[in-house]
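Architecture and fold: a report
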Amino acid sequence: MSGLAILSLAVSHFRSHRAARLAFDGRPVALVGPNGAGKTNILEAISLLSPGRGLRRAGAEEIARRPEAIGWKVSARVAGLTAAHEVETWAEGGASRQVRIDGKAVPQAHLARITRMVWLVPAMDRLWLEAAEGRRRFLDRMTLSFVPDHAEAVLGYEKAMRDRNRLLKDQVSDPHWYAALEAQMAATGAVITANRALTVARLEQAQAGAETAFPRADLAILHPEGAPEDLAQALAAGRRRDLAAGRTLIGPHRADLAAVFSAKGVAADQCSTGEQKALLISLILANARALSADLGAPPILLLDEVAAHLDVGRRAALYDELCALGAQALMTGTEPGLFDSLAARGQTFAIADEAGQSCILEVSQ
């Protein structure tokens, strides 16, 4: 086995799992079981081996198993970018999430130094139909996979914007209170905009000429209020309007991601449900191909219920592409038959909840 992979996983008092252990060998993984068995909870635990709030975007206090609510822990052995590592992350008694790598306490951001992950969950199925916030978050998550420091720029921008919005709501008009905040927003905003543009370019490159059964998506980043060359100047000029609105109306926090089904020339929000799902899968695969080219190894993919709405041919094509990429993809499904075309190329685990106890059994080798 080579490349990025979760080699072993142990969870304690995590969501529905009082305790669970799994061992992986780097091949794609199918987690099979009825609804409510805890399949997605396993994917969520793995997602917390990367920076951020995981694939459900849950707070640390939401994850602890009920009714005990004594805290939770995820431990894993990870084949990383340069070596294998022991990784632990946990939260206790309402405290914030902690991370330890090879026995040393580290900030969450250090997780991006050893591995990269991308994921697709059912909540994203309506991505092209909902508000811009979800698409912006989707874009930023992909951007983080290419530029881990993107999170710092986003946090810096959002903090300065919150402070500026507080001044606006309090109807403060003194320009001296705004100048420093607007300068910080302009500096971090420029980094955010450049990182997002880089991501779209990398995704476009990864889609070009790729042998794939999934449709190409032509992407564009939209700015409803325009994308000024000098954001600080634009913010200063817009203070009167922002004062009336009580919030900041221009900047990268207003950006949107647009996609067009290339072969048909149809905007994603006008495509069928199946086409929208196919476009999402196409972007996730492009993200993985681009990262593989950049890092020399594909990322770990977490694909929740990805096969449920694909026909037999598309499912087989997806598994073929994952195997050709050499990626460890962890997928969930309610029926073993969804993974028939994966066969011996992957591992299959049956997951059940028996009287509050997790039961996990590997059913294929």
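Note: the structure precedes this text.
Numbering of residues begins from 1 in every chain and follows the order in which that chain's sequence is written. Selection of residues for local features in this predicted model requires a pLDDT of at least 70, selection of side-chain atom pairs for listing and counting requires 80 or more, and totals for whole chains, interfaces and linings are taken over all residues. The basis for every side-chain value is the complete set of non-hydrogen atoms in the structure, without hydrogens or water.

1. Focus: the overall build of the chain
Segments assigned H or I by DSSP are reported as helices when at least four residues long, segments assigned E as strands when at least two residues long, and all are numbered from the N terminus. Helix and strand content of the chain: nine helices and 15 strands. For 365 residues, the compact-globule formula gives about 21 Å, and the C-alpha radius of gyration of the chain, at 22 Å, lands near that figure. For the C-alpha atoms alone, the extent of the chain along its principal axes is close to 65 × 50 × 35 Å. In this scheme, a residue with accessible area under 20% of its type's maximum is buried, one over 50% is exposed, and one in between is partly exposed, where area comes from a 1.4 Å probe on protein chains only. Looking at the chain residue by residue over its 365 residues, the buried ones come to 51%. Excluding contacts between residues fewer than 6 apart, the proportion of contacts in the chain whose partners are at least 24 apart in sequence is 69%. Positive and negative charge centroids in the chain, built from 41 and 41 side chains respectively, lie 3 Å apart. Values of the radius of gyration come from C-alpha atoms, whereas the globule rule sets the reference at 2.2 Å times the count of residues to the power 0.38. Only heavy atoms matter for contacts: two residues are in contact if any of them lie within 4.5 Å across the pair. Residues scored as positive are Lys and Arg, those scored as negative are Asp and Glu, and His as well as the terminal groups of each chain are ignored. Every charge is mapped to an atom, namely NZ of Lys, CZ of Arg, CG of Asp or CD of Glu.

2. Considering the environment of Ile351
Tracing the sequence through the fold places Ile351 in strand 14 (residues 347-354). Exposure remark for Ile351: the relative accessible area of 2% places this residue in the buried category. Along the backbone, Ile351 and Pro67 are 284 residues apart, and their C-alpha atoms lie at a distance of 21 Å. The contacts of Ile351, once residues within four sequence positions are left out, are His17, Leu31, Val32, Gly33, Pro34, Ala37, Lys39, Ile42, Cys359 and Ile360.

3. Concerning the sheet that holds strand 9 (residues 217-222)
Should DSSP find at least two bridges between two strands, the strands are taken to pair. Spatially, 9-10-11 is the arrangement adopted by the three strands of the open sheet, whose pairing is antiparallel. A strand with exactly one partner marks an edge of an open sheet, and here the two such strands are strand 9 and strand 11 (266-267). Bridge analysis of strand 10 (residues 256-261) against strand 11 gives two bridges, and the strand direction is antiparallel. Within strand 11, the position partnered with Val260 by the bridge is Ala267. Of the strands in this sheet, strand 9 and strand 10 touch helix 5 (residues 175-207), which is tilted by about 170 degrees from strand 9. The angle between two axes is taken between their N-to-C directions and runs from 0 to 180 degrees, where each axis is a line fitted to C-alpha atoms and a helix contributes only its stretch in contact.

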